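This is what each chain is made of:
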Amino acid sequence: ANCAKDSALLKDKKIINLPNPIDTNVFKPINKQIAREILGLNPTKKIVTFGAIDATNTNRKGYGELKAALNKLDKKNIKLVVFGASSGENIEGIETIYLGHLYDDLTLRIVYSLSDAIVVPSKVESFGQVALESLSCGTPVIAFDTSGLKDIIDHKINGYLAKCYDIDDLANGIKWVLENDLADNP
């Protein structure tokens, strides 16, 4: 909406921003500890989650940027959960769990709820479904300040918007969210 308002072609036109349709009766928080127990995950580490269709092989989804950002952090207390892929290049020093493709909303809800942060490092993201579903489950999102993600993430309120394609700022965002515990999970 802001880009349309700023454009020479549309600046004098009425702009309406329609919110994305996420069913908040389905996507809502589950207690973090219970969600972790359901999947048998260690509740003492911070869980950073990344997910997309063909998550580790689709360049525009940003798995390479996520790996580079995580390599800049103190990794000893981080666990990475990836959904949408069954394998990928691991990050040295970070235990990574690949969940494969998730086919139902309840499993997605559990994964969002057990996470301390969801990272959506997409280079282009028009809809941001993973980000919206995560936020509906009370879990903050770290993303680049681009595309549709800037419409749904409030910087340092429900997540972190890193400077576009800046790996250092993406790492800063992950660190900031993990240190500030923005999650709403009961």
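In case you missed it, the structure is sitting above this.
Note that the structure is predicted; figures quoted are calculated from it, not measured. Sequence order sets the numbering: in each chain, residues are counted from 1 along the sequence as written. The predicted nature of this model means local features are confined to residues of pLDDT at least 70 and side-chain atom pairs, given and counted, to a pLDDT of 80 or more, with totals for whole chains, interfaces and linings taken over all residues. Processing note: side-chain calculations cover all non-hydrogen atoms of the structure and skip hydrogens and water entirely.

## Some thoughts on a nonpolar patch on the surface
Thought 1: Where nonpolar side chains cluster on the molecular surface, the patch consists of Ile34, Ile38 and Leu39 and spans about 260 Å² of accessible area.
Thought 2: By secondary structure assignment, the location of Ile34 is in helix 2 (residues 32-39).
Thought 3: Here Ile34 falls in the partly exposed class, since its relative accessible area comes to 46%. Note that patches include only residues with greater than 30% relative accessible area and no salt bridge, and the join distances are 9 Å for like charges and 5 Å for nonpolar side chains (Val, Leu, Ile, Met, Phe, Trp, Tyr). Residue-level accessible areas treat just the shown protein chains as cover; the underlying method is Shrake-Rupley with a 1.4 Å probe. Any Lys or Arg side-chain nitrogen found within 4 Å of a carboxyl oxygen on Asp or Glu counts as a salt bridge. Counting from the N terminus, the helices are DSSP H or I runs at least four residues long and the strands are E runs at least two residues long. Each residue's exposure class comes from its accessible area (1.4 Å probe, protein chains only) as a fraction of the maximum for that residue type: buried when under 20%, exposed when over 50%, partly exposed otherwise.

## As for the sheet that holds strand 4 (residues 117-120)
Thought 1: Read from one edge of the open sheet, six strands run 3-2-1-4-5-6, paired in parallel fashion. Either end of the sheet is taken by a strand with one partner, and the two such strands are strand 3 (95-98) and strand 6 (159-162). Each neighbouring strand pair of the sheet contributes to a mean axis angle of 20°, computed without reference to strand direction.
Thought 2: Pairing of strand 1 (residues 46-51) with strand 4, which is carried by two bridges, proceeds in the parallel orientation. Paired with Val48 across the bridge in strand 4 is Ala117.
Thought 3: A contact between two residues is defined here by any heavy atoms of the two lying within 4.5 Å. For helices, the fitted line uses only the C-alpha atoms of the stretch in contact; every axis is such a line through C-alpha atoms, and the angle between N-to-C directions lies from 0 to 180 degrees. Where helix 6 (residues 167-180) meets the sheet, its contacts fall on strand 1, strand 2 (78-83), strand 4, strand 5 (141-144) and strand 6, and the angle it forms with strand 6 comes to roughly 170°. For two strands to be treated as a pair, DSSP must find at least two bridges joining them.

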